[in-house]
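Secondary and tertiary structure notes
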Amino acid sequence: MSLRLLFISLQGKTKNDTILIEKHIILEDIDPASFYGVGNSHLLMLKSLFPKLRITARDNVIRVLGDEEAMCKFEENVGSIQRHILRFNNIQEEDILDIVNGRATKGEAVKDAIVYSMSGKAIKAKSKNQQMLVDTWETNDMIFATGPAGTGKTYLSIALAVKALKEKTAKKIILSRPAVEAGEKLGFLPGDMKDKIDPYLQPLYDALEDMIPAVKLQDMMEKHIIQIAPLAFMRGRTLSDAVVILDEAQNTSAAQLRMFLTRMGWNTKMIITGDLTQVDLPKGTRSGLREATTILRGIEGIAFVEMTQKDIVRHRLVTRIVEAYNRNDNNRNDIKQEENESTDKN
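Throughout what follows, the structure given in this document is the object of discussion. Residue positions within a chain follow its written sequence, with the count starting from 1. Per-residue local features of the predicted model are confined to residues with pLDDT of at least 70, and side-chain atom pairs are confined, for both listing and counting, to 80 or more; whole-chain, interface and lining totals are unaffected and use all residues. To obtain the side-chain values, all non-hydrogen atoms of the structure were included, while hydrogens and water were left out.

**Considerations on the pairing of strand β3 (residues 54-58)**
The criterion, for reference: Any two strands with at least two DSSP-identified bridges between them are counted as paired. Helix numbers and strand numbers start at the N terminus; a helix is a DSSP run of H or I with at least 4 residues, a strand a run of E with at least 2.
Inspection of the sheet shows β3 paired to strand β4 (residues 61-66) by 5 bridges, in the antiparallel sense. When the bridges of β4 are listed, Ile-55 appears paired with Val-64.

Encoded structure:
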């Protein structure tokens, strides 16, 4: 983020021989509406806090007229407000007051936040295994995060990727999913290829929209800083200087996952997520994720984080549903084992 200040001109002197300066401040990398506030409430507050300055705004340009001392203080605070919006995705009037008065804002007091949602809420680990995923990220370049639905595997992974992009430790984010038909036929969906594929990728869009302003997200996608694509589109690529996330990896074949993992380039981190209890592959096709968790264990630089029902952060009923299905699966396995033992005795 850069704060561009364009010096325009000296406007002469007042009756007290004070030199008035006019400057244009251009707001960059943020939505001006976030800075100005609803009904320009934030801008009006700044005007009241800097009565010696004449402040007007149009689009992303703020025009300021006043003496040099007040101007310098205003420029410094505008920079701080922009940095706050970039970090927290929004700003409240109380935050502006804290910044102008040299105090820490409430958001800055929050510990262990990965990034912040569009509402300004801290996104951070909420369970032991989620924290393990965050900690593992610091020391490994490839992470396999497995577990039942609702454990935050995808959401936390995307939060870590957005953090890397904001901190400039990565130049792009690449998100992928296998377009596997979970009971529905892809060919019968309406529209062109993009229209058919987008429903499979919607959970990834949802997470990004919760962490990045819509206008900026659209710009990043148009510039290919953030890329979302089906797994098949990864073939032949070398993915460097990026955070790459493969979601729903339980629905990859062994060959597909092997292809994906070998796309890894320099200065790249990969997170592979999946739920081995929800495999939608054709009968007889072995899940690439299940195979990889066996073959790749023990390799330096590759970590495995296994979530459980205790890590579920969705509605409390999701935990009960997962537990019920697990009990049912265990009962079926017990019955099948008894039938096999009975057959062997006969």
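There's plenty left to go through after this.
**Structural notes on the sheet that holds strand β12 (residues 302-306)**
Quick note on the threshold: To obtain an axis, a line is fitted to C-alpha atoms, over the contacting stretch when the element is a helix, and the angle between two such axes runs from 0 to 180 degrees between their N-to-C directions. In what follows, residue pairs with any heavy atoms lying within 4.5 Å of each other are defined as contacts.
Pairing is parallel in the open sheet, where 6 strands are placed in the order β9-β8-β10-β11-β7-β12. If you trace the sheet from one side to the other, it starts and ends with β9 (226-230) and β12, each paired once. Pairwise comparison of adjacent strand axes, ignoring direction, gives a mean angle of 15° for this sheet. In the sheet, strand β10 (residues 242-246) pairs with strand β11 (residues 269-274) via 4 bridges, with the strands oriented parallel. Among the inter-strand pairings, Leu-246 is bridged to a residue of β11, identified as Ile-272. The sheet contacts of helix α6 (residues 153-166) involve β7 (142-146), β8 (172-177), β9, β10 and β11, and relative to β11 the element is tilted by about 165°.

**Re the side chain of Asn-90**
This is how it is decided: Pairs of N or O atoms are called polar contacts if they sit within 3.5 Å, as long as, within protein, a hydrogen donor faces a hydrogen acceptor (for residues adjacent in sequence, only side-chain-to-side-chain pairs).
Summarising the element assignment, Asn-90 is placed in the loop between α3 (68-88) and α4 (93-100). Polar contacts involving the side chain of Asn-90 include one to the main-chain carbonyl oxygen of Ser-119, which spans 3.0 Å. Here Asn-90 is in contact with His-84, Ile-85, Met-118, Ser-119 and Gly-120, once residues within four sequence places are set aside.

**Some points on the pairing of β4**
Both strand β2 (residues 19-26) and β4 contribute to a ladder of 6 bridges, which runs antiparallel. In the strand pairing of β4, Glu-22 is matched with Leu-65. In sequence, β3 turns back onto β4 through a hairpin of 2 residues, with Asp-59 there showing a positive phi of about 55°.

**Concerning the packing of helix α2 (residues 41-49) against α4**
What counts here: In what follows, roughly perpendicular refers to angles from 65 to 115 degrees, roughly parallel to angles under 35, roughly antiparallel to angles over 145, and oblique to any angle outside these ranges. Throughout, a crossing is termed right-handed when the near helix is turned clockwise from the far one, and left-handed when it is turned anticlockwise from it by less than a right angle. Under the scheme applied, nonpolar residues are Ala, Val, Leu, Ile, Met, Phe, Trp, Tyr, Cys and Pro; charged residues are Asp, Glu, Lys and Arg; polar residues are all the others, including Gly.
In contact at an axis separation of 10 Å, α2 and α4 are set at 30° when each is read in the N-to-C sense. By the angle between their directions, the pair α2 and α4 is classed as roughly parallel. Relative to α4, α2 is oriented so that their crossing is right-handed. Across the interface between the two elements, Ser-41, His-42, Met-45, Leu-46 and Leu-49 from α2 touch Glu-93, Ile-96, Leu-97 and Val-100 from α4. Tallied by class, residues from the contact of α2 with α4 come to 6 nonpolar, 2 polar and 1 charged.

**Details of the environment of Lys-171**
Tracing the sequence through the fold places Lys-171 in the loop between α6 and β8. Spatially, the C-alpha atoms of Lys-171 and Asn-267 are 9.6 Å apart, while their sequence positions differ by 96 residues. Setting aside chain neighbours within four positions, we find Lys-171 in contact with Leu-165, Ile-225 and Asp-241.

**Notes on unusual backbone geometry**
Backbone geometry follows two general trends: most residues other than glycine have a negative phi, and most peptide bonds adopt the trans configuration. Stated formally: Here the term buried applies to any residue with accessible area under 20% of the maximum for its type, exposed to any over 50%, and partly exposed to those in between, with areas from a 1.4 Å probe on protein chains only.
Positive phi, close to 65°, is recorded for Lys-168, a residue that is not glycine. Inspection of the secondary structure puts Lys-168 in the loop between α6 and β8. Of note, the phi angle at His-224 is positive, near 65°, even though the residue is not glycine. Tracing the chain through its elements places His-224 in the loop between α8 (214-222) and β9. Judged by relative accessible area, His-224 falls into the exposed class, the value being 52%.

**Some words on the environment of Pro-213**
Structurally, the position occupied by Pro-213 is in the loop between α7 (193-209) and α8. Pro-213 sits 182 residues away from Asp-31 along the chain, and the two C-alpha atoms are 7.7 Å apart. Leaving out residues up to four positions away in the same chain, Pro-213 has contacts with Asn-89 and Met-118.

Structural measurements only, silent on function.
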